[in-house]
Structures are given as C-alpha cells and as structure tokens.
Amino acid sequence: MKKAATLVSIIALSTALIACGSKEVSWKTQETQRALAIENSEFNARAFRMKNNRFASWNIMGRGDSTIGPECANGDGWASVDLVNPKTGGKQPLKCSTASANIGCLLKRDFAERNYSQEEGQCNTNLPVPMPKIAK
C-alpha cells in the first residue's frame with residue numbers, strides 16, 4: 001500500500017513537472033525584447049527630459065532591462081537610464097518603463113518610494129511578448 005502511494009506521488013509530480021515545461025525563448029526573441037526595452041525606455045527618458053527643463057540639454061545613457069533572458073522574455077519592465085550633464089559629467093539616475101509611455105520615467109529616488117520598485121528584478125509576466133514599440 002505504501003509503495004503504491006509513493007508511486008502515485010512520483011507519477012503526479014512527474015506529470016506536474018512535464019506540464020510546466022520549459023518556457024525558454026530563443027536568442028532572437030531575447031534580442032528583440034532587449035532592443036525594444038532600450039528603445040522604449042529611451043523614448044520615455046526623452047519625454048521626461050522635455051517635461052523637466054533643467055535636463056533639456058542633458059544626454060541620455062540607457063542600459064536596458066537586465067532581467068530579460070531565456071526564461072523571462074518580458075523582463076521586469078524597468079530600465080536604468082542616466083541623464084548626463086554634458087558640461088560637468090554629472091548624472092541624474094532614472095528608472096524608465098520599458099513597456100508604458102503612460103508610466104514613463106521616474107527619478108530613481110522617487111521610484112524607490114513607489115510600488116513599482118517591487119517589480120524590479122522580478123520577471124513580470126504581465127508584460128507582452130513581443131513588447132510593443134511605444135515610440136511614436
């Protein structure tokens with residue numbers, strides 16, 4: 001009886017693991033998602049810069065979404081972007097959405113105070129694959 005229960009448990013576990021399967025995406029899909037994440041976050045950074053006159057002449061240095069990978073084509077939905085003062089080299093760090101123009105960018109310190117910060121570093125399966133291009 002004990003052996004039968006163990007066997008049933010093993011079969012159930014095996015079935016569950018097979019059902020989960022690997023949801024890894026191809027290198028091409030990852031690269032497409034990375035490119036769109038950079039493009040979208042830089043679009044949001046340009047919009048942020050336009051709304052904040054003190055940064056009007058600052059350069060944009062984007063780094064993309066580092067959580068995009070074979071098991072997470074969505075990424076976490078956030079990219080680190082720096083606005084760089086061309087005269088002094090000083091930087092203003094931003095966190096920019098990779099998928100939403102409506103969310104846009106936040107100063108890194110403001111981002112840390114919002115619920116959005118809980119998404120950082122976690123695969124956000126609510127994001128679409130392929131990611132939409134938000135630049136107009």
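Treat the numbers as computed from the prediction; the structure is a model and nothing was measured.

Reading the values: the criteria
Residues numbered from 1 in each chain as written. Predicted model: local features only at pLDDT ≥ 70, side-chain atom pairs only at ≥ 80, totals over all residues. Heavy atoms only, no water. Helix = DSSP H or I, 4+ residues; strand = E, 2+ residues; numbered from the N terminus. Contact = heavy atoms within 4.5 Å. 1 Å grid on protein atoms, 1.4 Å probe; cavity = no way out; pocket = protein on both sides within 12 Å on 5 of 7 lines; lining within 4 Å. Points joined across faces, edges and corners; volume = space filled by probe spheres on them. Nonpolar A, V, L, I, M, F, W, Y, C, P; charged D, E, K, R; others polar. Pairing = 2+ DSSP bridges. Axes fitted to C-alpha atoms, helices over the stretch in contact; angles between N-to-C directions. Disulfide = S-S within 2.5 Å. Buried < 20%, exposed > 50% of the residue type's maximum accessible area, 1.4 Å probe, protein only. Expected span 1.5 Å × (residues − 1). Core = buried A, V, L, I, M, F, W, Y, C linked by side-chain atoms within 4.5 Å. Salt bridge = Lys/Arg side-chain N within 4 Å of Asp/Glu carboxyl O.

Trainee: Would you take a moment to explain the overall build of the chain for this structure?
Mentor: Broken down by element type, the chain carries three helices and four strands. In sequence order, the secondary structure elements of the chain are arranged as α-α-β-β-β-β-α. In the chain, the share of contacts with a sequence separation of at least 24, taken over all contacts with a separation of at least 6, comes to 57%.

Trainee: Would you mind going over the layout of surface pockets with me for this structure?
Mentor: Left-over empty space is what a probe sized like a water molecule reveals as it rolls over the atoms. Estimates place the volume of the largest pocket at around 160 Å³. Taken together, Phe43, Asn44, Ala47, Phe48, Lys51, Ala101, Asn102, Ile103, Gly104 and Cys105 form the lining of the largest pocket. Counting residues per element, the lining of the largest pocket draws most heavily on helix H2 (residues 27–51), at five residues. Here the lining of the largest pocket is built from residues that sort into six nonpolar, three polar and one charged.

Trainee: How do you make sense of the sheet that holds strand S3 (residues 91–97) when you look at a structure like this?
Mentor: Picture the strands of a sheet paired through backbone hydrogen bonds; they go either parallel or antiparallel. Spatial ordering of the open sheet is given by S1-S2-S3-S4, a layout of four strands whose pairing is antiparallel. Strand pairing shows two members of the sheet lacking a second neighbour, strand S1 (59–62) and strand S4 (105–107), which therefore form its edges. Between one strand axis and the next, the sheet turns by 30° as a mean value, whatever way the strands run. In the packing of H2 onto the sheet, the strands contacted are S1, strand S2 (78–84), S3 and S4, and the crossing angle to S3 comes to about 125°.

Trainee: Got a minute to help me understand the state of the cysteines in this structure?
Mentor: For the structure shown, the criterion picks out two disulfides. Residue Cys96 pairs covalently with Cys105 via a disulfide, S to S 2.0 Å. On the sign convention where negative means left-handed, the S-S torsion of about 110° between Cys96 and Cys105 marks this disulfide as right-handed. Across the pair, exposure class does not vary: Cys96 and Cys105 are buried alike. Ordering the disulfide-forming cysteines of the chain by sequence position, one finds them joined as 1-4, 2-3.

Trainee: Can you walk me through H2 in this structure?
Mentor: Each α-helix winds once per 3.6 residues, and so residues spaced three or four apart point in a common direction. Its 25 residues give H2 an end-to-end C-alpha distance of 36 Å, which sits within 8% of 36 Å, the value for a rise of 1.5 Å per residue. Listed as buried for H2 are Gln30, Gln33, Leu36, Ala37, Asn40, Ser41, Phe43, Asn44, Ala45 and Phe48. Packed against the buried residues of H2 are S1, S2, S3 and S4.

Trainee: Mind showing me how you'd approach the nonpolar core here?
Mentor: Soluble globular proteins: nonpolar side chains tend toward being buried together. Core analysis: the largest hydrophobic core is formed by 10 residues, namely Ala45, Phe48, Phe55, Trp58, Val81, Leu83, Leu94, Cys96, Cys105 and Leu107. If you list the elements that add at least two residues to this core, you get H2, S2, S3 and S4. With residues up to four places along the chain from it excluded, the contact list for Phe48 reads Phe55, Leu83, Leu94, Cys105 and Leu107. Within the second largest apolar cluster, six residues are counted, among which are Leu36, Ile68, Ala99 and Met131.

Trainee: Explanation requested: the pattern of salt bridges in the structure shown.
Mentor: Oppositely charged side chains can form a pair if their charged atoms are brought close together. Within the structure shown, the criterion is met by four salt bridges. Glu39 is the salt-bridge partner of Lys133, the closest N and O atoms lying 3.1 Å from each other. Highlighted residues: Lys133 in the segment after helix H3 (108–112) and Glu39 in helix H2, separated in sequence by 94 residues. Lys133 gets classed as exposed once you look at its relative accessible area, which sits at 53%. The partner of Glu120 in a salt bridge is Lys95, with the nearest N and O atoms 2.4 Å apart. Note that Glu120 is positioned in the segment after H3 and Lys95 in strand S3, a separation of 25 residues in sequence. Using a relative accessible area of 36% as the deciding quantity, one classes Glu120 as partly exposed.

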